[in-house]
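# Examining the three-dimensional arrangement
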Amino acid sequence: MFYREWQGRNPGETRDIGRARTLASALGLLSPEMPVLTVVGSKGKGTAATYASAFLAAAGLRVCTVTSPALRTDRERIRVDGRAVSEAELASLADLLGEGIAALPPPAGGYLSPAGLFTLAGVLHARRAGADALVLEAGMGGRSDEAALFPPDVAAITPVFLEHAGVLGETPAEIAREKRGVAGPGTVVLSAPQSPEVAGALGAVEHVEEGGSGLSADLLPAGLGRVSAELGVAAARRLPGVPEPPAAALRQVMASVALPGRLSTHDVPGSATRLLVDSAIDRAGIAAALAQARRAWGTIDHAVVCLPDHKDLDGAAAELAGLPVTFVRLALPHLRFTRALPPGWDVIGPDAVTPESLATLGHRVVVLGTGYFAGLVLDAVDAGTERLFSAASPRRS
């Protein structure tokens with residue numbers, strides 16, 4: 001149900017936000033009846049949403065989190081207190097949305113996007129689950145995203161750079177203004193540190209600098225994700241009615257946060273191979289992931305990389321110089337893999353990414369690329385993605 005209209009779209013058609021609004025209205029979802037925190041940006045949105053949700057859970061709230069994309073299963077797109085919904089819960093949500101769609105006029109020049117339908121399903125599930133707070137991660141944009149159907153009390157803007165050029169805007173400033181458009185008149189807007197161009201485009205927002213979360217360094221992730229984690233916590237503190245968590249509960253919950261695919265490490269079953277998996281798509285992210293691997297291991301035996309044409313392949317090649325590299329080309333219609341690769345890089349397809357093949361690459365292997373690719377590798381090694389954190393108890397009454 002979530003993918004039906006997207007898969008049946010005609011060339012040139014785009015997501016139909018108006019149709020999504022009509023569906024949300026028919027389902028009675030346009031007023032979520034709980035505080036909403038929405039995360040937008042170019043990188044780090046999932047980290048910000050996870051840390052915001054964990055903070056709210058530490059404060060005793062029941063929190064529903066909607067993120068995109070999933071890693072191993074679409075159940076992960078909707079979570080309550082860090083845990084993915086069940087197959088039965090997702091099927092029930094799909095049935096309800098399907099009934100609502102069936103009552104709409106047929107599509108006319110646009111489609112209901114999968115990410116948008118999961119957003120609507122998450123809002124519906126938050127209400128059914130009795131959530132005290134809702135954390136939404138926008139799929140791609142801001143003003144043009146279905147998350148904007150639910151004006152947030154607080155909006156958190158992670159680092160913004162030139163991405164989806166021609167879709168969200170032609171410059172980082174235009175993209176930043178589009179993403180800030182998720183906020184309504186009464187929204188408190190917080191931002192991670194930005195470039196001068198982006199900061200100017202965002203206008204009057206609260207900037208969260210290093211240390212702005214109030215958390216000790218040992219409760220924050222390593223690498224470039226730290227700024228987004230701090231932003232998420234700072235944003236959660238600004239949500240209406242959120243009490244300060246007890247110190248013990250705060251430490252317990254924040255220390256339990258796991259971010260699969262973001263500098264996460266995993267054993268390859270049946271072997272001595274250890275993976276560091278990171279959704280790095282540009283030179284800075286790849287450099288940070290390699291630095292983290294070298295700090296942990298000393299040396300790196302191999303890198304496995306998946307970067308479509310619109311990602312920073314040149315930057316990746318520069319950082320990976322001197323390392324054995326296997327490049328994975330995905331067979332997905334919306335992604336292109338036509339750019340020339342550095343001499344000496346091996347090339348494989350997604351079906352060759354198996355525990356057995358990974359184990360032949362050495363004992364210390366770094367996996368880098370898109371979130372979808374990170375999920376493919378995590379699935380191959382049966383990594384745990386069911387829960388992102390453990391909620392404190394008892395719950396606030």
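Here, the structure is the one placed above.
Report follows, based on the coordinates. Fair warning: this is a prediction, and the values are worked out from it, not measured in the lab.

What counts, and where the lines are drawn
Residues numbered from 1 in each chain as written. Predicted model: local features only at pLDDT ≥ 70, side-chain atom pairs only at ≥ 80, totals over all residues. Heavy atoms only, no water. Core = buried A, V, L, I, M, F, W, Y, C linked by side-chain atoms within 4.5 Å. Buried < 20%, exposed > 50% of the residue type's maximum accessible area, 1.4 Å probe, protein only. Helix = DSSP H or I, 4+ residues; strand = E, 2+ residues; numbered from the N terminus. Contact = heavy atoms within 4.5 Å. Pairing = 2+ DSSP bridges. Axes fitted to C-alpha atoms, helices over the stretch in contact; angles between N-to-C directions. Parallel < 35°, antiparallel > 145°, perpendicular 65-115°, else oblique. Left-handed = near helix turned anticlockwise from the far one by under 90°. Nonpolar A, V, L, I, M, F, W, Y, C, P; charged D, E, K, R; others polar. Expected span 1.5 Å × (residues − 1).

## Brief notes about the nonpolar core
- Formed by 49 residues in total, the largest nonpolar core has its most connected members in F2, L120, L134, L136 and F150.
- With seven residues, helix 5 (residues 114-128) is the largest single contributor of residues to this core.
- The residues contacting F2, other than those within four sequence positions of it, are L90, A94, L97, S113, P114, L117, F118 and A121.
- Residues A293, V365, V377 and L378 belong to the second largest nonpolar core, which totals 42 residues.

## Examining the pairing of strand 12 (residues 274-278)
- With four of five residues buried, strand 12 lies mostly within the body of the structure.
- Where strand 11 (residues 262-267) and strand 12 come together, five bridges link them in antiparallel fashion. Residue pairing across strands places D267 opposite R274, the latter belonging to strand 12.
- Inspection of the sheet shows strand 12 paired to strand 16 (residues 364-369) by five bridges, in the parallel sense.

## Examining the packing of helix 10 (residues 283-297) against helix 11 (residues 313-320)
- Following both chains from N to C, one finds helix 10 and helix 11 inclined at 30 degrees, their axes separated by 8 Å at the closest point. As far as their axial angle goes, helix 11 and helix 10 are roughly parallel. Handedness of the helix 10/helix 11 crossing: right-handed. Contacts from R283, I286, A287 and L290 of helix 10 reach helix 11 at G315, A316, A318, E319 and L320.
- Grouping the amino acids of the contact of helix 10 with helix 11 by side-chain chemistry returns six nonpolar, one polar and two charged.

## Quick word on helix 10
- In this model, helix 10 (15 residues) spans 21 Å end to end at C-alpha, consistent with the 21 Å of a helix rising 1.5 Å per residue.
- Residues G285, I286, A288, A289, L290 and A293 constitute the buried set of helix 10.
- Where helix 10 is buried, its residues touch strand 11, strand 12, helix 11 and strand 16.
- Where helix 10 ends, the next residue or the one after it, G298, has phi of about 90 degrees, a positive value.

## Looking at the packing of helix 3 (residues 45-58) against helix 8 (residues 225-237)
- For the pair helix 3 and helix 8, interaxial distance at closest approach is 7 Å and the crossing angle is 40 degrees. Relative to helix 8, the element helix 3 lies oblique. Here helix 3 and helix 8 pass one another in a crossing that is right-handed. On helix 8, the residues that touch T47, A48, Y51, A52, F55 and L56 of helix 3 are G225, S228, A229, G232, V233, A236 and R237.
- Here the contact of helix 3 with helix 8 is composed, by residue class, of eight nonpolar, four polar and one charged.

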